[in-house]
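Overview (structure and organization)
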Amino acid sequence: MSDLDRPKEVRKKALLSRLARVEGQIRAIRRMIEEGQRCESIAQQLAASRTAMNKAFCEMMACAIEDEVDKEGLLNDAVQKKLSELTRILTKYG
């Protein structure tokens with residue numbers, strides 16, 4: 001089951017957890033800078049946190065797309081399935 005097939009509250013909780021991990025990464029990066037660690041190590045952690053934020057952004061955009069396209073819940077099953085597939089691809093590769 002993909003994230004997009006789960007109920008909104010579950011998706012919301014997963015997104016908040018992802019952001020909490022990113023927040024922890026940022027605190028760790030600040031600590032690394034304060035401790036004078038190597039630039040390459042810091043850059044590696046910055047890249048990882050940027051990737052995590054991009055993933056969170058794509059998940060949020062996929063949710064927004066699904067919400068806006070089918071506000072009234074009128075899409076038939078075939079169209080809804082296609083929409084879910086497209087937003088799944090966005091979150092996976094976006």
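Residues numbered from 1 in each chain as written. Predicted model: local features only at pLDDT ≥ 70, side-chain atom pairs only at ≥ 80, totals over all residues. Heavy atoms only, no water.

As recorded by an unreviewed UniProt entry, the protein chain carries the name Metal-sensing transcriptional repressor and is attributed to Nitrosococcus wardiae.

A pair can form between side chains of opposite charge whenever their charged atoms are brought close. Under the criterion given, the structure shown has six salt bridges. One salt bridge in this structure joins Arg18 and Glu59, with 3.1 Å as the shortest N-O distance. Separated by 41 residues along the polypeptide, Arg18 in helix H1 (residues 8-34) and Glu59 in helix H2 (residues 39-69) bring together distant segments of the chain. Owing to a relative accessible area of 11%, Glu59 belongs among the buried residues under this scheme. (Salt bridge = Lys/Arg side-chain N within 4 Å of Asp/Glu carboxyl O. Helix = DSSP H or I, 4+ residues; strand = E, 2+ residues; numbered from the N terminus. Buried < 20%, exposed > 50% of the residue type's maximum accessible area, 1.4 Å probe, protein only.)

With respect to the helices, strands and loops of the structure, Ala52 is situated in helix H2. Distance from Ala52 to Leu16, taken between C-alpha atoms, is 12 Å for residues 36 residues apart in sequence. The contact partners of Ala52, leaving out residues within four places of it in the chain, are Arg18, Val22 and Gln25. (Contact = heavy atoms within 4.5 Å.)

This part covers the environment of Ser49. Structurally, Ser49 can be placed in helix H2. Separated by 20 residues in the primary sequence, Ser49 and Ile29 have C-alpha atoms spaced 9.3 Å apart. Residues contacting Ser49, with those up to four places away along its chain left out, are Val22, Gln25, Ile26 and Ile29.

Where nonpolar side chains cluster on the molecular surface, the patch consists of Phe57, Met61, Ile65 and Val69 and spans about 350 Å² of accessible area. Along the chain, Ile65 turns up in helix H2. When its relative accessible area of 34% is taken as the criterion, Ile65 is described as partly exposed. (Patch = residues over 30% accessible without salt bridge, like charges linked within 9 Å, V, L, I, M, F, W, Y side chains within 5 Å. Areas by Shrake-Rupley, 256 points an atom, 1.4 Å probe, with all protein chains shown as cover.)

Summed over all chains, the structure comprises zero disulfides. Cysteine Cys58 shares no disulfide, and the gap to the nearest cysteine sulfur, in Cys63, comes to 13 Å. Overall, Cys58 belongs to the buried group, its relative accessible area being 8%. In this structure Cys63 comes out as buried when scored by relative accessible area, which is 16%. (Disulfide = S-S within 2.5 Å.)

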